[in-house]
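# Examining the three-dimensional arrangement
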Amino acid sequence: MTTKSVSRLLLLSSVGIGSYLAGSYVERRKTADTVCLRRDDYVNDRSGNLLGTLQSKPGLPIFGTVSAASPIPAEQKSPVVSNVSRIGQIMKYGFPGLDNVRSYDDYVLSYDRRTRVAHWVFEHLTADGVKASQGVDRAKSDFKPDESVHPFFRSLNTDYKGSGFDRGHLAAAGNHRSEQKHCDQTFFLTNMAPQVGVGFNRDKWNHLERYVRKLTKDYPNVYCCTGPLYLPRKEADGKLYVRYQVIGANNVAVPTHFYKVVVMETRDNRLEMEAYVLPNQKIDDETPLTMFQVPPETIERAAGLLFFDKIARSQLSKINGKKV
DNA sequence: TTTGCTGT
C-alpha cells in the first residue's frame, strides 16, 4: 500500500473501508447487451451473463412509465412525456439499485425505509440547469416530510430538531435553481440525511458540491450520484462492527460517511469518472478534495450498488483524474 | 457562495 493511500485511509477516519480495498477486483464492465428500454426484464452480472429474469412490476414508478411498450394517452402527453424524457436523461447510464425509486422533476432517488435515509440520489447537471433563474430562491423553500413514504418509514422535521445534525441535502438545492419547483422538491426529507453542520455540510461537503457544479463549465453533461455509507470500524475487541447513531422518534440513521460518484461527458464524447468518500465529521478546511478520492469499486462494494453500469469501463478515459 | 441552525 502506498503512502498516499495510507493517508487517505486515515482521512476516512480509520474505518474499515480498507477491507473493501483488499482483494483483487478483476471484473470489468461491459456495455449492457440489450438495447431495449425494459432493462428490468433482464438481470446480468458484470460480465454481461444473463443470471435470470424479473417480472415487470407496476409498482415500480420509473419502469412503469419509461417503457416503450406502454403508450401514453394523448390527453396527458405533454407533462408526462417531458418528465419521462427528463428521467431518461438523468438515468442515462443506469440505475445503481431499484429499492423504492422515486422520481422528482429534476432528480431521481432511491429510499431506504430501514434507515429513513436515501440509498442514492441521481442528478444530471448542465451549465444552464445549475444557473439561477430570476426569482428562484432557496429561502422560499421549506423542509417537508415526503408523504409518498409510509408513516412508519417517513422522517420528520422533529427527528432532526435538537439533534445537533443538519438536514443535509443529498441532491443539492444549488443544483436546481432553474425553477422554484425544482428547488422546492430538493427540500423533501427523503432527500435529507443527518450531517455534521460546521466543518462538514457547511464546509468541505459544500465545497465538493460547488466543485461538481463547476464541472459544468468544462463538461457539457455531468451525472452525479450521491448517498450515505455505513462503514465498519474496528472496535476494542479487534472485531469489525457497523455502528451508527439514530436520531428522533423515527430513528433516522446518521451515516458514517457520504459518497459522490460523478461522470463527466467531454465535448469530444469521452467519459471521465470521479469518486469521493468523506467522513460525516468536522474536516480540516486545508484538506484538498483529491485526498478523498477513492476507486469507484470501493464505494460500490460498501454501498451494495453498481454505479453507471451501462458504461463499459473501457469507455472511461479517466478515473479520478488519471488516464485509464 | 452556499450551507442550514437557533431563538424570538
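Here the structure is a predicted model, which means the values were calculated and not measured.

Taken together, the side chains of Val 242, Tyr 244 and Val 246 make up a nonpolar region of the molecular surface, amounting to roughly 240 Å² of accessible area. Along the chain, the position of Tyr 244 falls in the loop between strand S10 (240-242) and strand S11 (246-247).

Taken as a whole, this structure holds 15 aromatic pairs when the rule is applied. Taken together, a centroid distance of 4.7 Å and an interplanar angle of 20° make the contact between Tyr 104 and Tyr 107 stacked. A single burial state applies to Tyr 104 and to Tyr 107, both of which are buried. Between Tyr 211 and Tyr 276 the ring centres are 6.3 Å apart and the planes differ by 70°, which places this aromatic pair in the edge-to-face class. Residue Tyr 211 is located in helix H9 (residues 204-214), and its partner Tyr 276 is located in strand S14 (residues 271-279); the two are separated by 65 residues in the primary sequence. For Tyr 211, a relative accessible area of 27% corresponds to the partly exposed category. On the accessibility criterion, Tyr 276 (2% relative accessible area) is buried. In this structure an aromatic cluster arises from ring pairing among Tyr 93, Phe 95, Trp 120, Phe 122, Tyr 223 and Phe 308.

This part is about the environment of Leu 316. Structurally, the position occupied by Leu 316 is in strand S15 (residues 316-319). On the accessibility criterion, Leu 316 (3% relative accessible area) is buried. Distance from Leu 316 to Glu 265, taken between C-alpha atoms, is 9.7 Å for residues 51 residues apart in sequence.

Here we take up the nonpolar core. Taken as a class, soluble globular proteins show a tendency for nonpolar side chains to be buried jointly. The biggest cluster of nonpolar side chains holds 40 residues, and the ones touching the most others in it are Leu 109, Val 121, Leu 208, Val 212, Val 222, Val 262 and Leu 278. If we ignore the near neighbours within four places in the chain, the residues touching Val 212 are Leu 125, Val 222, Cys 224, Lys 260 and Val 262. Ranked by size, the runner-up nonpolar core spans 29 residues in total, among them Phe 95, Tyr 223, Met 273 and Ile 319.

Moving on to the confidence of the model for chain A. Here chain A averages 82 in pLDDT, while 75% of its residues score no lower than 70. Ignoring residues within four places in sequence, the model shows residues 13-72, a span with pLDDT below 50, making 94 contacts including any to other chains.

As for its position among the elements, Asp 159 is in helix H6 (residues 157-160). This buried residue, Asp 159, is left without a salt bridge; Arg 116 holds the nearest opposite charge, at 7.1 Å. Once you skip the residues sitting within four places of it in the chain, Asp 159 turns out to touch Arg 154, Ile 247, Gly 248, Ala 249, Asn 250 and Val 252.

This chain's UniProt record puts "domain: ENPP1-3/EXOG-like endonuclease/phosphodiesterase" (unreviewed entry) on residues 104-314. For residues 104-314, the helix share is 18%, the strand share is 29%, and the end-to-end C-alpha distance is 32 Å.

What follows covers the sheet that holds strand S5 (residues 117-125). One open sheet accounts for eight strands, arranged S3-S4-S5-S8-S13-S14-S15-S16; its pairing is mixed. Looking at strand neighbours, the two that pair on one side only are strand S3 (101-103) and strand S16 (322-323), the edges of this open sheet. Here S5 runs beside strand S8 (residues 221-229); their pairing, made up of five bridges, is antiparallel. Across the sheet, Val 121 pairs through a bridge with Thr 226, a residue of S8. Sheet contacts for H9: S5, S8, strand S13 (257-265) and S14; angle to S13, the most-contacted strand, approximately 10°.

Right, let's get into the protein's contact with DNA strand B. Near DNA strand B, the surroundings consist of 16 residues, among which Arg 138, Arg 167, His 169, Arg 177 and Asn 206 are the closest. Near the protein, within 4 Å, the atoms of DNA strand B are sugar or phosphate in 81% of cases. Between DNA strand B and the protein, one listed contact pairs a phosphate oxygen with a side-chain N or O atom of Arg 177 at 2.4 Å. Elements with a contribution of two residues or more to the surface near DNA strand B: strand S6 (165-169) and H9.

Conventions we followed
Every chain is numbered on its own, with residues counted from 1 as its sequence reads. Chain labels run from A onward and ligand labels from 1 onward, assigned in the order the entries are written. Totals for whole chains, interfaces and linings use every residue, but because this is a predicted model, local features are given only for residues with pLDDT of at least 70 and side-chain atom pairs only at 80 or more, for both listing and counting. Derived side-chain values reflect all non-hydrogen atoms in the structure, with water molecules and hydrogen atoms excluded from consideration. Within this analysis, patches are made of residues with over 30% relative accessible area and no salt bridge. Like charges are joined at 9 Å or less; nonpolar side chains (Val, Leu, Ile, Met, Phe, Trp, Tyr) at 5 Å or less. Here the Shrake-Rupley method, with its probe set to 1.4 Å, supplies the accessible areas, and only the displayed protein chains count as covering residues. Here, a salt bridge means any Lys or Arg side-chain nitrogen found within 4 Å of an Asp or Glu carboxyl oxygen. Helical segments are the DSSP runs of H or I of at least four residues, strand segments are the runs of E of at least two, and each set is numbered from the N terminus. A pair of aromatic rings is counted whenever rings of Phe, Tyr or Trp (Trp by its six-membered ring) have centres within 6.5 Å, and the orientation is called stacked for planes under 30 degrees apart, edge-to-face for over 60 and tilted otherwise. Note on exposure labels: buried denotes an accessible area under 20% of the residue type's maximum, exposed denotes more than 50%, and partly exposed covers the range between, all computed with a 1.4 Å probe on protein chains only. By nonpolar core is meant a set of buried Ala, Val, Leu, Ile, Met, Phe, Trp, Tyr and Cys residues that side-chain atoms within 4.5 Å join together. By the convention used here, residues are in contact when the closest approach between their heavy atoms is within 4.5 Å. What pLDDT conveys is the predictor's confidence in a given residue, as a value from 0 to 100. When charges are counted, Lys and Arg contribute as positive and Asp and Glu as negative, whereas His and the chain ends are disregarded. UniProt positions are given in the numbering used here, feature names are shortened, and annotations may be inferred rather than shown by experiment. At least two DSSP bridges between two strands are needed for those strands to be called paired. Working convention: axes come from line fits to C-alpha atoms, limited for helices to the stretch in contact. Angles between N-to-C directions cover 0 to 180 degrees. Only a single heavy atom is needed: when it lies within 4 Å of a molecule or strand, its residue is near that molecule or strand. Throughout this description, a polar contact denotes any pair of N or O atoms lying within 3.5 Å of each other; where both atoms belong to protein, one of them has to be capable of donating a hydrogen while the other can accept it, and for residues adjacent in sequence the pair is counted only when both atoms sit in side chains.

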